[in-house]
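Survey of secondary and tertiary structure
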Amino acid sequence: MSSKSQAAQAGQALWAKMPKANAELFALTYGSLVTELVRDYEDPIEVNAQLDRIGHSIGVRCVDEFLSKADVAGMGLTTQCQNLRDTAEVVAKMGFKMFLGIQAEVGAFSQDQRCFSIYLQDNPLSTFVELPEDDPSGGEDLRRLKYSNLYCGVIRGALEQVNLKVDCNIVRDTLKGDELNEIRVELKEVLADGAGDDYKEE
Amino acid sequence: MTVHAFHIFDRKGKTLFTKRYSSIVKNQPVQDAELLSEQRKLIFGMLFSLRELVGSLTPEGESPALHSVRTGAGTLHCYETISGLRMALYTNNNPNMGSNARNLDTSKTSFQNALKHIYSELWVDCVVRSPLYRPGDIQVDGNGNDVGRFDIRSTNFEKKLDAYLASMPWFR
């Protein structure tokens, strides 16, 4: 599909223009954030929820930056995404590439075209990370922690700003022994553009 | 030729930013804030309805987007992003385009480019990246009773916007 290579090329071009930060600083900062959250909340499920919330906040801001840069690069996004498949390509090939510099793949589209998966070969957030082994004396089970849950929040927040309500989950994680990272994205509903409370008729 | 006003609305119609540049106001008494806010709501309502209409009128495959609304007194140039941010620039009808007085087409595209530039260079750079920015919680009018709401004056968006618009040949 020509749109696939278009998206990949555009992603490459956008990545080249973005200011870069040190990858180790990034990974270590995220690591210390997660460590603090674990210390504060103790329950890994709660930490996952907090990471999702933080990611949502990031996604809402990232989408504006992405749309403005992509528009300027002449991508004409209004005509590009006709269906969820195109959206998935854009998110993986352009979005992930532009902000993180990594190559992400899409696949595993469901029958009704409402779900897809994003595959990440290497995850810049988990560069120096090891999850501890199960603690036999009880205590919190950190194997239930979804270390990269931030990505789920970012995708959810960003797509919400373009009227797509989605649910994201990490299904495979290299930190838990799988060979690649997989994020499953499900479209819940397409929101309608509405005017806010100020405009409600009496 | 002047720029009279500039407004930015979010997806729900809330005003994120508004500024009047017109020098004709000195002949009129200062307009009530209520009135101005009503006026903004009407502008948003018009843009919203027109967008729906334009969407249904456009032939298949073309991208529907409202560029401008022209009246006898002035023109309202609009730009809308996919994330729902709408910008509206109200100007006079005969912009001075600099050295060559061209046909209307170039004046339209140059306003679109200007609005695009305002979005990507000024809005994203100054406001979205500000650590205090909270989408959905912006206060516009200066009478800040609520603490903790984001005030756009904490960024230098307005200064940069003024500088950018002043550098355009059609500003004054």
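The present account deals with the structure reproduced in this document. What you are looking at is a predicted structure, and each value in this text was computed from that prediction instead of being measured. (Residues numbered from 1 in each chain as written. Chains lettered and ligands numbered in written order. Predicted model: local features only at pLDDT ≥ 70, side-chain atom pairs only at ≥ 80, totals over all residues. Heavy atoms only, no water.)

Points about the overall build of chain B
A count of helices and strands for chain B gives three helices and seven strands. When its helices and strands are written in sequence order, chain B yields β-β-α-β-β-β-α-β-β-α. Burial analysis of chain B (172 residues in total) assigns 40% to the buried set. A separation threshold of at least 6 residues defines the contact pool for chain B, and within that pool the share at least 24 residues apart is 58%. For chain B, the exposed surface amounts to about 9,400 Å²; the carbon and sulfur share of it is 53%. (Helix = DSSP H or I, 4+ residues; strand = E, 2+ residues; numbered from the N terminus. Buried < 20%, exposed > 50% of the residue type's maximum accessible area, 1.4 Å probe, protein only. Contact = heavy atoms within 4.5 Å. Areas by Shrake-Rupley, 256 points an atom, 1.4 Å probe, with all protein chains shown as cover.)

Regarding the overall build of chain A
What chain A contains, in helices and strands, is six helices and four strands. Ordered by position from the N terminus, the helices and strands of chain A form the series α-α-α-α-α-β-β-α-β-β. When burial is assessed residue by residue, chain A has 47% of its 202 residues classed as buried. Of all intrachain contacts in chain A linking residues separated by at least 6 positions in sequence, the fraction that spans at least 24 positions is 62%.

Re the nonpolar core
Counting 42 residues, the largest nonpolar core has F6, I8, I118, W123, F157 and L161 of chain B as its most contacted members. Of the residues forming this core, the biggest block, eleven residues, is contributed by helix α2 (residues 104-128) of chain B. With sequence-adjacent residues up to four places away left out, F157 of chain B is seen in contact with I8, F17, I118, L122, W123, C126, V127 and I152 of chain B. Core analysis: the next-biggest nonpolar cluster, separate from the first, contains 36 residues, V91, Y147, L150 and L159 of chain A among them. (Core = buried A, V, L, I, M, F, W, Y, C linked by side-chain atoms within 4.5 Å.)

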